[in-house]
Amino acid sequence: MEGKKTSVFENGLIWFGASVSIAELLTGTLIAPLGFGKGVAAILLGHVIGCVLLYCAGLIGAKRNLSAMETVRISFGKKGALFFAVMNVLQLLGWTAVMTRQGADSAAAALDFSGIFAQPTFWCVIIGLFIAIWIIIGVTNLGKVNVIVMAALFIMTIVLSLVVFKNSENSMFSEGAYDDALSFSAAVELAAAMPISWLPVISDYTRTAEKPALATSVSVVVYFIGSCWMFIIGMTAALYTGGGDVAGIMLGAGLGSVGLLIVVISTVTTTFLDAYSAGVSFVSIYGKIKERPAAVIITIIGTLTAVFAPVNQLEGFLYLIGSVFSPMIAILIADTFILKRDCTKKLADIRNIAIWIIGFIIYRIFLYIDTPVGNTLPVIVIVIVFCFAAEFIRRFFAKAGSKSK
């Protein structure tokens with residue numbers, strides 16, 4: 001994304017579009033077993049944890065004018081960062097497929113369609129086509145189009161909120177019908193995992209900001225508010241309907257064509273970011289292709305995957321993303337803000353790669369441990385402590401070696 005810089009307002013619009021999505025609604029429905037009060041607490045706590053990390057990731061790229069995967073070189077070196085770039089392309093391709101399919105399924109069921117309009121495949125193609133158009137236009141050129149689209153999406157989301165909350169007033173006081181089906185810790189982790197899934201993405205957009213620090217802050221705050229809002233809508237609707245089907249929720253709320261527009265527009269504006277960033281990450285792996293063509297190719301592959309592959313296992317997918325990228329960002333935060341290390345000139349930093357492997361294993365172990373704050377925060381703290389310990393040991397032996405000479 002060369003040339004033109006993005007304003008603070010434009011960055012805010014981008015991340016509002018990211019936050020209003022079917023995935024956020026669906027993940028919110030998973031938290032319904034806790035009941036409204038505990039569910040809201042878990043959603044807010046998880047988003048605070050995830051969004052603090054998201055802010056740190058975005059600020060690093062914004063201040064250094066680096067894409068998300070370029071910032072990873074700071075801790076892991078040129079070749080060491082390639083692993084995370086590959087993992088990021090794969091997870092963003094997965095997100096493109098998941099979001100496209102979820103949007104298509106919901107669109108096909110949003111009205112009483114028949115024939116081709118009732119087929120998810122048709123809507124996969126429509127959504128994929130609009131994502132490709134968004135990519136070709138580009139973030140810095142969307143301008144008034146994005147303002148109009150986001151204003152419409154905001155109004156329609158207000159309508160969805162009013163309808164859901166009006167119909168669910170009694171359900172909001174429910175303590176959850178299946179309290180043992182989901183622990184508070186697991187709910188916090190689901191809420192944290194959504195902003196964490198954007199960690200390897202945010203710098204691809206903050207790097208072009210006119211005012212890096214302010215644009216990053218606004219992006220994260222807008223995303224926090226929008227994502228929490230969507231989670232709570234999804235959870236509340238699930239408490240009311242007793243299910244997690246977004247199309248069923250919208251049909252039950254009587255939204256009809258408004259529901260269809262929410263589904264299609266929110267899917268496009270969110271999935272566009274995934275597909276474009278996959279293109280940016282692919283360029284860091286193979287530099288002979290430009291970002292937009294790579295992103296369009298990812299969109300095509302993601303759309304085909306949405307049509308032909310089963311891609312609806314959202315919960316396990318979110319946990320996998322957390323286990324890969326939470327330890328990575330912890331190491332990057334420690335090196336950038338605390339230890340002031342820079343490995344960009346190295347081929348690979350073996351020390352940080354070893355710490356990441358330990359962090360990955362610890363995260364997977366913590367999936368089976370209930371804590372009041374979920375998995376991510378303890379893992380982040382443990383990984384940063386490992387970074388401190390490794391640096392302390394290095395300096396100790398370096399000092400001892402200099403004295404012995």
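Right above here is the structure, for reference.
Residues numbered from 1 in each chain as written. Predicted model: local features only at pLDDT ≥ 70, side-chain atom pairs only at ≥ 80, totals over all residues. Heavy atoms only, no water.

Peer 1: How do you make sense of the packing of aromatic side chains when you look at a structure like this?
Peer 2: Considering all chains together, one arrives at 16 aromatic pairs under this definition. Their ring planes at 85° and their centres at 6.2 Å tell us that Trp15 and Tyr223 sit as a pair that is edge-to-face. In this pair, Trp15 sits in helix 1 (residues 8–19) while Tyr223 sits in helix 10 (residues 212–241), placing the two residues 208 residues apart along the sequence. Both residues of the pair, Trp15 and Tyr223, count as buried. A centroid spacing of 5.5 Å and a plane angle of 35° characterise the contact between Trp356 and Phe360, whose relative ring orientation is tilted. Pair noted here: Trp356 and Phe360 are both in helix 15 (residues 350–366), with a separation of four residues, about one helical turn. (Phe/Tyr/Trp six-rings, centres within 6.5 Å; stacked < 30°, edge-to-face > 60°. Helix = DSSP H or I, 4+ residues; strand = E, 2+ residues; numbered from the N terminus. Buried < 20%, exposed > 50% of the residue type's maximum accessible area, 1.4 Å probe, protein only.)

Peer 1: Explanation requested: helix 13 (residues 291–308) in the structure shown.
Peer 2: Along an α-helix, residues three or four positions apart point the same way, because every turn accommodates 3.6 residues. Over its 18 residues, helix 13 runs 26 Å from end to end, which matches the ideal 26 Å to within 8%, given 1.5 Å per residue. Those residues of helix 13 that fall on the buried side of the exposure criterion are Glu291, Ala294, Ala295, Ile298, Thr299, Gly302, Thr303 and Ala306. (Expected span 1.5 Å × (residues − 1).)

Peer 1: Quick question: what am I supposed to make of the nonpolar core here?
Peer 2: Generally speaking, a soluble globular protein has its nonpolar side chains buried in company with each other. Core analysis: the biggest nonpolar cluster contains 120 residues, and Trp15, Ile31 and Trp95 have the highest contact counts within it. Other than its neighbours up to four places away in sequence, Trp15 contacts Trp198, Val201, Ile202, Tyr205, Ser219, Val222 and Tyr223. (Core = buried A, V, L, I, M, F, W, Y, C linked by side-chain atoms within 4.5 Å. Contact = heavy atoms within 4.5 Å.)

Peer 1: Just checking my understanding: could you explain a nonpolar patch on the surface for this structure?
Peer 2: Together, Phe154, Ile155, Ile158, Val159 and Leu162 give the surface a local cluster of nonpolar side chains, amounting to about 440 Å² of exposed area. On the secondary structure map, Leu162 appears in helix 7 (residues 139–167). On the basis of relative accessible area, Leu162 is assigned to the exposed category, the value being 58%. (Patch = residues over 30% accessible without salt bridge, like charges linked within 9 Å, V, L, I, M, F, W, Y side chains within 5 Å. Areas by Shrake-Rupley, 256 points an atom, 1.4 Å probe, with all protein chains shown as cover. Salt bridge = Lys/Arg side-chain N within 4 Å of Asp/Glu carboxyl O.)

Peer 1: I would appreciate a short explanation of the environment of Val307 in the present structure.
Peer 2: If you trace the backbone, Val307 turns up in helix 13. C-alpha separation for the pair Val307 and Phe122, spaced 185 residues apart in sequence, amounts to 9.2 Å. Those residues within four positions of Val307 in sequence are excluded, and the remaining contacts are Arg101, Thr121 and Cys124.

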